[in-house]
Structure formats: structure tokens, C-alpha cells
Amino acid sequence: MHIVLLGPPGAGKGTQAEMLSEAGDLAHVAVGEILRQAIREKTDLGIEAEMYVEQGELVPDEIIAGVIEERLRADDAQKGALLDGFPRNLTQAEFLDQLLKKLGLSLDAVVYIDVPFAALIRRSTGRRICSGCGRVYHVEFNLPQRDNVCDECGGELIQREDDREETVRNRLEVYLEQTGPLVDYYDERGLLRRVDGDQSIDEVFQVLKTMVLESHS
Ligand code: AMP
């Protein structure tokens, strides 16, 4: 089972993908997280990607293509994967079609998490991530058990550089211009399912679980 999670920054793709991948034993393919880890570790990929990520721009497609191919070829992605943050434009969507074909896999569904734009800034700017394992929290909607400490690994929670308000606004613009057209692309192919993302984390999860996991089991 290979599923794309689509939606604007702050829609909750990462949080839902974490929960769904655990519930459905699927690989969580989070391109943004792969890039952030590479930036922390100062690898060649991290050095190439850093400027784009910090400004909220898309990292060039050729770089992302290599990242996604390597990730989808990994053992844990063979049984199924949730693609979180990829594709983000039409070129990447076409690349994904070809890559899945080459790997003998297919896309089962594209889930569009729909959240009104007014809510997105508050969601993104309140987000905190674990500096150790990348797990996602929120200062209002998804608190850790102990202040500023990750429930999972005990790491310190920090704000992503690109979650500052000005950068969030740029990411929303990039989304509207480049990622928005994918809604029609997948709708025309009969793959799109819409979920109202303007509900609690758990409510969205229940809908997604039924839609994605139970309909494919
Ligand atoms: P995310 O964690 O999905 O919000 O991604 C954070 C940042 O990583 C984005 O603002 C982009 O700079 C970069 N990024 C993530 N996924 C992609 C992608 N598919 N194509 C290009 N850049 C990406």
C-alpha cells in the first residue's frame, strides 16, 4: 500500500503520518525530516538543501528525486509507505508515477488534508519538534507530558527555523502556487480522497484510519 498525504504546511501531515504508519505498519517517508536530519548532520545533501529549507522554498527536484528513490527502495518501504511532503509539484508527481512503475509498485490513494488557511499560521508557528528524533508537538494542541521534553526520546523540543511566521507565509505561497495543482492532478486520476483537517488530531486520525487502513486491509 502506497499512499500520498497531501495538504498545506500545518495541515497535520507529519503528525497523522506518524500515527498511521505505526497503526498500519507502513514506512513513514517524510522528505522534510530526511532533509532536516541531513542539515543537522551537515552531510552533502544537508549542505545543498539548507538554504532552500530555511527560506521555505522547494529544494530542487533533481535532489529530491534521488532522496525519494533511495527511500522507496529501502527494505521497510516494500510492504507499503506513507509519503508525507512528496510530491510537492507536478514534476515530482510525474517522477513518482515513473518511479513506482519502475519498482513494480503503484499508488493506492492520495489523501488531501484540507484546513482553512486562517488556521494554518497558528498551527505552524505553534509547532515544536524534538531536536533528537524529530517527533512533532504543538504548544496548544499536542503537548508533551513534561514541558519541552520529548515523550519518545527525552530530547529537547525546539521550533523549526522555517516555522517562524514570515517563513510560514512564504511556504503557504509556495504551496498555493506549486503544490495546489496536485489536487486536480490526482482527482483527475480518481485517486484523491478529501479529509476535513479542521478537527482535533484524534478525530482526523479516526477518519484517516478508516479511509486508509481499513479500506485496504
Ligand atoms: P516539511 O517538513 O514537509 O514541511 O518540509 C520542510 C521543507 O523541506 C520544505 O519547506 C522544503 O524546503 C523542503 N522539502 C520537503 N519536501 C520537499 C519536496 N518534496 N520538494 C522540495 N522541497 C521539499
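Structure: above.
Residues numbered from 1 in each chain as written. Predicted model: local features only at pLDDT ≥ 70, side-chain atom pairs only at ≥ 80, totals over all residues. Heavy atoms only, no water.

Enquirer: I tried to follow the sheet that holds strand β4 (residues 109-114) on my own but got confused; where do I start?
Expert: Hydrogen bonds between backbone atoms are what pair the strands of a sheet, whose relative direction is either parallel or antiparallel. If you walk across this open sheet you meet the five strands as β2-β3-β1-β4-β8, and the pairing is parallel. Of all strands in the sheet, those with a lone pairing partner are β2 (27-30) and β8 (192-196), marking the two edges. The mean inter-strand angle of the sheet, taken between neighbouring strand axes irrespective of direction, is 20°. Those strands touched by helix α9 (residues 201-213) are β1 (2-6), β4 and β8, and its axis lies near 160° from that of β8. (Pairing = 2+ DSSP bridges. Helix = DSSP H or I, 4+ residues; strand = E, 2+ residues; numbered from the N terminus. Axes fitted to C-alpha atoms, helices over the stretch in contact; angles between N-to-C directions. Contact = heavy atoms within 4.5 Å.)

Enquirer: What exactly am I supposed to notice about helix α1 (residues 13-24) here?
Expert: Given a rise of 1.5 Å per residue, twelve residues ought to cover 16 Å, and the 16 Å separating the end C-alpha atoms of α1 matches this to within 8%. Turning to α1, its buried residues number three or more, namely Lys13, Gly14, Thr15, Gln16, Ala17, Leu20 and Ser21. On its buried face, α1 is in contact with β1, β2, β3 (81-84), β4, β6 (136-138) and α9. Looking one or two residues past α1, Asp25 carries a phi angle of roughly 55°, positive in sign. (Expected span 1.5 Å × (residues − 1). Buried < 20%, exposed > 50% of the residue type's maximum accessible area, 1.4 Å probe, protein only.)

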